[in-house]
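Chain residues, written in single-letter form:
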Amino acid sequence: MLFVGPFLFSTSPDESALCRRCGEAVATGRTCIAAPQLAVSGLGKYRSNRLHPACALDVSAEALVALFDEDSLVFDGREALEAVARERLARRASVNCRSKKKKDDDVEPDPPAIELARDPRGRPRVRVLFVGSGSWSLPSGEADPFSLEEVLRDATLVSSKREYVFVRHSSGNSLAIDPSQPWAACVYWQKVDNGVAWAHGGKVADWCALGLAAPILVVLGAGADVDDKRDAIVQQLRKLAAKGGFDADDCPVVASPTVGAGLVEALALALDERADQVSGELSSDRVARTIDQLEALVREGREEAVVATAKKCVRFFNRARVAEKSRILDALFAAIANKNIAPSVLDVVFASRITLTTAWLVAVAKLQLEDGARRLAHFDALCIYWRSLANRGDEALPALLVDAIERERAGSERAKMAAKWLPSLAAAESVARLKALRAASSKQRAKVALVDAILAEHAKIRRAK
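Our subject in this report is the structure included herewith. (Residues numbered from 1 in each chain as written. Predicted model: local features only at pLDDT ≥ 70, side-chain atom pairs only at ≥ 80, totals over all residues. Heavy atoms only, no water.)

## Topic: the packing of aromatic side chains
Point 1. Across all of its chains, the model carries four aromatic pairs by this definition.
Point 2. Seen from their ring centres, Phe130 and Trp189 are 6.3 Å apart, and the 65° between their planes marks the pair as edge-to-face. Of this pair, Phe130 sits in strand 4 (residues 125-132) while Trp189 sits in strand 7 (residues 183-191), placing them 59 residues apart in sequence.
Point 3. Among the residues examined, Trp189 registers a relative accessible area of 1% and is labelled buried.
Point 4. Following the ring pairs from residue to residue traces out a cluster consisting of Phe9, Phe68 and Phe75.
Point 5. In this arrangement the basic side chain of Arg127 is found over the ring face of Trp183, its NZ or CZ atom lying 3.8 Å from the centre. (Phe/Tyr/Trp six-rings, centres within 6.5 Å; stacked < 30°, edge-to-face > 60°. Helix = DSSP H or I, 4+ residues; strand = E, 2+ residues; numbered from the N terminus. Buried < 20%, exposed > 50% of the residue type's maximum accessible area, 1.4 Å probe, protein only. Lys NZ or Arg CZ within 6 Å of the ring centre and 35° of its normal.)

## Quick look at the nonpolar core
Looking at soluble globular proteins, one finds that nonpolar side chains tend to be buried together.
Point 1. Of all hydrophobic cores here, the largest spans 63 residues; its most connected members are Leu332, Leu356, Trp360 and Ile405.
Point 2. Beyond its immediate sequence surroundings of up to four residues, Trp360 is in contact with Leu329, Leu332, Phe333, Ile336 and Val349.
Point 3. Membership of the second largest hydrophobic core comes to 27 residues, among which are Ile177, Trp207, Leu212 and Val234. (Core = buried A, V, L, I, M, F, W, Y, C linked by side-chain atoms within 4.5 Å. Contact = heavy atoms within 4.5 Å.)

## Re helix 4 (residues 201-210)
Point 1. Among the 10 residues in helix 4, nine count as buried, and that is most of the element.
Point 2. For helix 4, every residue scored as buried is listed here: Gly201, Lys203, Val204, Ala205, Asp206, Trp207, Cys208, Ala209 and Leu210.
Point 3. Here the buried face of helix 4 lies against strand 4, strand 7, helix 5 (226-243), helix 7 (286-300) and helix 8 (303-316).
Point 4. Of the residues trailing helix 4, Gly211 is marked for its positive phi of about 90°.

## Here we look at the pairing of strand 7
Point 1. Across the nine residues that make up strand 7, a large majority, nine, are buried.
Point 2. Of the strand pairs in this sheet, strand 7 and strand 8 (residues 216-220) are connected by five bridges, and their pairing is parallel. What sits directly across from Lys191, in strand 8, is Leu220.
Point 3. Assessed by its sense of winding, the connection that carries the chain from strand 7 through helix 4 to strand 8 is right-handed. (Pairing = 2+ DSSP bridges. Right-handed = clockwise from strand over helix to strand, strands pointing away.)

## Structural notes on the sheet that holds strand 4
Point 1. Pairing within the open sheet is mixed, and its six strands lie in the order 5-6-4-7-8-9. This sheet does not close on itself; its edge strands, each paired only once, are strand 5 (156-158) and strand 9 (253-256). Ignoring which end each strand starts from, the neighbouring axes of this sheet average 25° apart.
Point 2. Two elements, strand 5 and strand 6 (residues 163-168), share three bridges in a ladder whose sense is antiparallel. Note on strand 6: the bridge partner recorded for Val158 is Glu163.
Point 3. Sitting on the sheet, helix 5 touches strand 7, strand 8 and strand 9, and the angle it makes with strand 8 is about 155°. (Axes fitted to C-alpha atoms, helices over the stretch in contact; angles between N-to-C directions.)

## Some details on the sheet that holds strand 1 (residues 8-11)
Point 1. In spatial order, the strands read 1-2-3; together these three strands make up an open sheet with antiparallel pairing. Two strands close off the open sheet at either side, each with one partner strand: strand 1 and strand 3 (50-51).
Point 2. Of the strand pairs in this sheet, strand 2 (residues 31-34) and strand 3 are connected by two bridges, and their pairing is antiparallel. Counted as the bridge partner of Ala34 is Arg50 from strand 3.

This is the structure we're talking about:
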């Protein structure tokens, strides 16, 4: 459900009272759950804000446990229901808790199985991540004919196989794993008259990291020119899906001029197809999921998807475990080794504040300096970072720069870059090599002049300290 607020204990006033979730009668005089905050307009036979206790558990275990904590009312089945509710919350908290004390080689035991939430007909209750144009709520008295909320009661869609609960992806917290109501699919909801929100690319990458099948693209709109608009929107949405790591051609499209029964039926069929493709229980470790995704995308060489996922990895890099940091750096280096991806990934790395190792910096510098066909993308940023490490005695990077001076023509781009940074980075060994190189290159006037300029600038910097 979209929003339930606090629950209250109640009783059914008469036989006409129906459960808001399942539509079945709430027996007169029997304890039920009331959710006063839920609107009752436009719900047909579900014009109710009462729920069977078991239905209330699936709607919001948190609200039900809060009610149990506040009210000790005794009723048939309370003890068993309360035990299930508390177990669900405990399991949810456990699977979403990332222990900072866990060592890299610790093996976590598989969590015990938990019973899936099901509707009265035995259909599993699963969740669908959702984003796109349109709002869940509008000012009082207004209506949006293209809003999902207009046609789905409490953001819930029931097919012959499952009960789907739509969850708007508003932040990282929206991705929490609920073992009793697992993720089953993802949907991008788009009006043809609205522009595609490219900022949602990171969210689509999260969906891919979850292991979900490619998103269902729901495109809504009517008008004489709607076909051309829809085709253009679908192409943009497919590009957005590809940027997030999905196969663009694997995104089913559900198109409709309006939101109505026909659309709901088509969406239900598409959701069943998507949910059938989810294999096993999804990992609750978002960090591990995202690293796995980055490694896979780098192997595939998909630039935009790599960049989108790399941005997510660098956000949590500094709080990741040691082995995870190593995996991220290895994946980023593998991406940089791909000439087609390198500049974009270096953009991400040096725009972030992640802690880079000297070995990683040297490996990247070696790639750029020794491959004459490769661009020197962000080499200045790399050298600035190296200088910030205060590792004055480390000759690894200066040695590569001296190698470049020795190997390259004096007027080459790489020789000029090396000459730019050697004065401030060179230590004793590099200076000695430069002097030896000058002596050995006495007949190469341009190279001698270049080395002399480097040594003179180096001496000037030393005197200024």
